Amino acid sequence: MNNINSIQWPDGKDFAFTVFDDTDWGTVANLEPVYSFLNDLGIKTTKTVWPLSNPGKPEGEGSTCEDKEYLDWLLKLQQDGFEIGYHLASYNPSKRERTIEGLEKFRSLFGHYPYSMANHNLNTEGMYWGSARLSFFLTRLLYNASTKFAKNDIWEGHKPGSPYFWGDLCVEKIQYVRNFIYPEINTLKACPHMPYHDPSKPYVKKWYAASEGSGIKSFNKLVTVQNIDKLVAERGACIMYTHFAAGFYRDGKLNDDFKKNMEYLSKKNGWFVPMNTLLGFLEQQNGPKTLQTTERLGLELSWLAAKLKRGRTS
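Residues numbered from 1 in each chain as written. Predicted model: local features only at pLDDT ≥ 70, side-chain atom pairs only at ≥ 80, totals over all residues. Heavy atoms only, no water.

A. Expanded view of the overall build of the protein chain. Scanning the protein chain from terminus to terminus reveals 11 helices and 10 strands. The dimensions of the protein chain, computed from C-alpha atoms along their principal axes, are 50 × 50 × 35 Å. Here the protein chain holds 314 residues, and the buried ones make up 56% of them. Partitioning the contacts of the protein chain with sequence separation of at least 6, the portion at a separation of at least 24 is 81%. (Helix = DSSP H or I, 4+ residues; strand = E, 2+ residues; numbered from the N terminus. Buried < 20%, exposed > 50% of the residue type's maximum accessible area, 1.4 Å probe, protein only. Contact = heavy atoms within 4.5 Å.)

B. Main features of the state of the cysteines. Scanning all chains against the criterion turns up 0 disulfides. The thiol sulfur of C191 is not disulfide-bonded, and the nearest other cysteine sulfur, from C238, lies at 13 Å. (Disulfide = S-S within 2.5 Å.)

C. Here's a closer look at unusual backbone geometry. A cis amide bond, omega -5 degrees, links M194 with the succeeding residue P195. Even without being glycine, W25 reaches a positive phi, approximately 70 degrees. Within the fold, W25 resides in the loop between β1 (15-21) and α1 (28-41). For W25, a relative accessible area of 41% gives the class partly exposed.

D. Region of the structure containing the pairing of strand β5 (residues 176-182). Extensive coverage of β5 is indicated by the burial of 7 of its 7 residues. Across 2 bridges, the pairing between strand β4 (residues 116-117) and β5 is parallel. Residue pairing for β5: S116 is matched across the bridge by Y176. Two elements, β5 and strand β6 (residues 206-212), share 5 bridges in a ladder whose sense is parallel. By the bridge assignment, R178 is partnered in β6 with Y208. (Pairing = 2+ DSSP bridges.)

E. Quick look at the packing of helix α4 (residues 137-146) against helix α11 (residues 293-310). Contact pair α4 / α11: the axes reach a minimum separation of 10 Å and the direction vectors enclose 20 degrees. Taken together, the axes of α4 and α11 lie roughly parallel to each other. As α4 runs across α11, the sense of the crossing is left-handed. Contacts between α4 and α11 involve T139, L142, Y143 and S146 on the former and, on the latter, L297, E300, L301, W303, L304 and L308. Residues that form the contact of α4 with α11 fall into these classes: 7 nonpolar, 2 polar and 1 charged. (Axes fitted to C-alpha atoms, helices over the stretch in contact; angles between N-to-C directions. Parallel < 35°, antiparallel > 145°, perpendicular 65-115°, else oblique. Left-handed = near helix turned anticlockwise from the far one by under 90°. Nonpolar A, V, L, I, M, F, W, Y, C, P; charged D, E, K, R; others polar.)

F. Structural detail: the side chain of K206. If you trace the backbone, K206 turns up in strand β6. What makes K206 buried here is its relative accessible area of 16%. Here the side chain of K206 touches E283 through a polar contact of 3.1 Å, side chain to side chain. (Polar contact = N/O pair within 3.5 Å; in protein donor to acceptor, adjacent residues only side chain to side chain.)

G. Broad picture of the nonpolar core. In this structure, W9, F17, W166, F244, F258 and M262 are the most contacted members of the largest nonpolar core, which totals 86 residues. It is α1 that contributes the most residues to this core, 6 residues altogether. (Core = buried A, V, L, I, M, F, W, Y, C linked by side-chain atoms within 4.5 Å.)

H. Seen up close, helix α3 (residues 96-110). A rise of 1.5 Å per residue sets the reference length of α3, with its 15 residues, at 21 Å; its end C-alpha atoms lie 21 Å apart and thus fit the reference within 8%. When we look at burial in α3, the residues that qualify are R98, T99, G102, L103, F106 and F110. All buried residues of α3 lie within an arc of 140 degrees about the axis, which places them on one face of the element. Facing away from the buried surface of α3 by more than 90 degrees, the exposed residues are E97 and S108. (Expected span 1.5 Å × (residues − 1). Arc of directions from axis to C-beta.)

I. Looking closely at the packing of aromatic side chains. Going through the model one piece at a time under the given rule, you end up with 25 aromatic pairs. Where W9 meets W271, the ring centres are 6.2 Å apart and the plane angle is 40 degrees; that geometry is what we call tilted. With W9 in the segment before β1 and W271 in strand β10 (residues 270-271), this residue pair connects regions lying 262 residues apart in the sequence. Of the two residues, W9 and W271, neither departs from the other in class, the shared state being buried. An aromatic cluster is present here, built from Y35, F37, Y70, W73, F82, F219, F244, F248 and F258 joined pairwise through their rings. (Phe/Tyr/Trp six-rings, centres within 6.5 Å; stacked < 30°, edge-to-face > 60°.)

Right, dumping it as structure tokens:
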């Protein structure tokens, strides 16, 4: 593995920055202004989708690709250089047959299977989610104790024999899956192994980490002028996890701090590319990475420590 400070970013850039936007609550009305702003700044990111709606169930979670206005906007976003990612088949649990339908719908709409994905917390078909994210007795015990066992062994996407199993499809069709999230702007510093394969989780081809920014407050807490300067000085790479529908555009305007900080970021000599491009470059630079036992333990303990300190374990 190369020292992260020695990475030579393309085109003489000093650092890399992108965002992985979970689609929850997203509509054209609350997302288009955010993405128009990013596009004007030249910051290309990854926006996830749900390909399918669920008949008979409310769509309070946000729009899906079955909404024509929303789909038309997504296709334009893709043409503008943004990556379309995957947040599972829909906003409610999907059994295997529905997951297959969702993957095929995604391919038919966007021209390929998803390059990258993240689990949706509410969906039983989540891949290695909850306590299954962890591989050791100690780390699972700490996690389960902190969540009062509410998230123990309830996600089934990786369990052969479950009606929600789709692990064989995940490893075949999807390149990158998100796991740990850290309160560190330099995601690559927190997880220098990414993208990596974890032999203890064979149904995921490669994992990546992200930096905490789930809503407007946590995003603005991490993406500050001071932290941006830190990221540049470390020649690092940031993958921000967020929900752009969670308060970034409200009452007819973009959040002031978000706008100010992203404008500051855009003026730096950064490589602003979607997830698939960034992770593909890291893999090309460092070669295929298979996680070793000590490396896995280190990632799990550092993630747990951060989550427990902040009182969050999702």
